[in-house]
Amino acid sequence: MGIPALPDRPTEEGFDVKFQVNRDVFSDAVSFAVRLLPQRTTLPILSGVLLRAENGTVTLSSFDYEVSAQTSITADVESDGTVLVSGRLLADIASRLPNAPVEFSLDDNKVAVRCGSARFALSLMPVEEYPSLPVIDGDSGLLPGEAFSDAVSQVAVAASRDDVTPVITGVQLETSGTSLSLVATDRYRVAVRGIDWESTGTSDGTTALVPARTLSETAKIFAHSAQITVTIVSGGDRELIAFSADNKTVTSLLIKGNFPPVKRLFPESPENYAVMNTAELIEATRRVALVLERDAALRYSFSEDGLTLEAIGSENAQAQETIDAHLSGESTVVSLKPQFLIDGLSAVHSEFVRISFTKTDNPGKPGPVLITSQTSKDQAGSDSYRYLLQPNLLLR
């Protein structure tokens, strides 16, 4: 399964495209086609959406040489043809059309869009200059849509936003047996989650490093799909991954390079940890962080009396708050960036959270803290989500 090859494109002269389609179906298809297009591009042609009408079907496609999207919808096609128009403009129009069938046709070298009493005329873009979409054949495996979307939202937040090191701006997908592991890091934290994977290819142990932004948007698109077909094309000049479901397909170039072996950083089973109510910890962190200067960290003091959060060091304001915490092991003090902590806590889908502590050879430099779900105050969670966060130097 994948993106089919487009037929030879007709020139603008000597053909006439004309079809009628349901408004909601058309609006949804256009919205999908433009969703992954860049907001700005140095090549105006790449901001277009290609529409091909034939045999009762309209296929909408977009491609910027890195990411492509394609979907097909049923329509009443009167005349076959292919046209290219501005994607963002067509999406804006389609989302605001009245409740009536949409008529799409050529009129004096412009695209005419009619819906009820509304009329629009759009300039044509040169079809012959539009790049050919990648052709993806076969498939590598199947994923459950909801679980995939959930896992991506948990992990992608830890990917780097600094393009200086492209390899850590992606999410690493690793297949093994009947599971798919997602891993991301920005050097200060690591997020990992595993989900079910049904291999349909001939090889196992495949990896794919996908740009985090593209993967996040793709996961949202297919969040309600029962099953997603995944195709990984490795080797050659253009390594690609394709996701297909519900008559929609997204492809993305893979990031080249070696992803750091960050999984080995996770501790096996730390004995020193604290358990807290997840929502209480998030809200307390947000309140105390109000007085922090930019990029400053909070001090978290874990003891038998609970958890005390402190924002200190500012000349203008200080803050402190204590919440309930069940401590197992010795008292611990760590300094953490509040937003990084909140990112990890927000991905824990349980009422309680466990923060485990690790040590280094340097007594003044604590090891990373491990964030995992906790079903209750006394029972660890059963999901595979793990979030490892490196503390700042302790505030003295």
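None of the values given here were measured: they were computed from a predicted structure.

In the contact formed by helix α5 (residues 278–288) and helix α6 (residues 338–346), the axes pass within 10 Å of each other and the chain directions differ by 160 degrees. Between α5 and α6, the angle is such that the two are roughly antiparallel. As for how α5 packs across α6, the hand of that crossing is left-handed. For the pair α5 and α6, the contacting residues are Thr 278, Leu 281, Ile 282, Thr 285 and Arg 286 in the first and Pro 338, Leu 341, Ile 342, Leu 345 and Ser 346 in the second. When the residues that make up the contact of α5 with α6 are grouped by side-chain class, the tally is 6 nonpolar, 3 polar and 1 charged.

It is possible for side chains bearing opposite charge to pair when their charged atoms get close. Going through the model one piece at a time under the given rule, you end up with 15 salt bridges. One salt-bridge network, in which partners are shared between bridges, spans Arg 35, Glu 217 and Lys 220.

A few words on the UniProt feature "domain: DNA polymerase III beta sliding clamp N-terminal" (unreviewed entry) in the chain. The residues that UniProt annotates with the feature "domain: DNA polymerase III beta sliding clamp N-terminal" (unreviewed entry) are residues 18–134. Strand forms 46% of residues 18–134 and helix 18%; the C-alpha atoms that close the span are 26 Å apart.

The next thing to look at is the domain arrangement of the chain. Split into domains, the chain comes out as domain 1 (18–129), domain 2 (139–263) and domain 3 (267–389). Each of domain 1 and domain 2 was reduced to a C-alpha centroid, and the two centroids are 29 Å apart. Of the residues lining the interface, 14 residues belong to domain 1; the matching set on domain 2 comes to 14 residues. Of the roughly 1200 Å² buried where domain 1 meets domain 2, counting both sides, 47% is carbon and sulfur surface. Considering only the side of domain 1, the residues that lose the most area to domain 2 are Phe 32, Arg 35 and Leu 36, jointly responsible for 45% of the buried surface there. At the boundary of domain 1 with domain 2, the tally comes to 2 salt bridges.

A separate point is unusual backbone geometry. In this structure, Asn 55 takes a positive phi of about 50 degrees despite not being glycine. Here Asn 55 shows up in the loop between β2 (48–54) and β3 (57–63). Given a relative accessible area of 70%, Asn 55 falls into the exposed group. Positive phi is not limited to glycine here, since Asp 295 has a value of about 70 degrees.

Attention now moves to the sheet that holds strand β12 (residues 179–185). With antiparallel pairing, 9 strands are arranged side by side in an open sheet as β15-β11-β12-β13-β27-β26-β25-β19-β23. The open sheet terminates on both sides in strands that have one partner only, identified here as β15 (207–211) and β23 (326–328). Neighbour to neighbour, the strand axes of the sheet diverge by 20 degrees on average, direction disregarded. Strand direction decides the pairing type here: strand β13 (residues 189–196) and strand β27 (residues 386–389), joined by 4 bridges, are antiparallel. In the sheet register, Val 192 faces β27, and the bridge partner there is Arg 386. Along the sheet face, helix α4 (residues 212–221) touches β11 (170–176) and β15 and points at about 90 degrees away from the line of β15. Along the sheet, α6 contacts β13, β25 (352–357), β26 (369–374) and β27; its crossing angle with β27, the most-contacted strand, is approximately 170 degrees.

Analysis parameters
- Residues numbered from 1 in each chain as written.
- Predicted model: local features only at pLDDT ≥ 70, side-chain atom pairs only at ≥ 80, totals over all residues.
- Heavy atoms only, no water.
- Axes fitted to C-alpha atoms, helices over the stretch in contact; angles between N-to-C directions.
- Helix = DSSP H or I, 4+ residues; strand = E, 2+ residues; numbered from the N terminus.
- Parallel < 35°, antiparallel > 145°, perpendicular 65-115°, else oblique.
- Left-handed = near helix turned anticlockwise from the far one by under 90°.
- Contact = heavy atoms within 4.5 Å.
- Nonpolar A, V, L, I, M, F, W, Y, C, P; charged D, E, K, R; others polar.
- Salt bridge = Lys/Arg side-chain N within 4 Å of Asp/Glu carboxyl O.
- UniProt positions renumbered as here; feature names shortened; annotations may be inferred.
- Domains from an automatic or database assignment.
- Buried area = accessible area lost by both parts, 1.4 Å probe.
- Buried < 20%, exposed > 50% of the residue type's maximum accessible area, 1.4 Å probe, protein only.
- Pairing = 2+ DSSP bridges.

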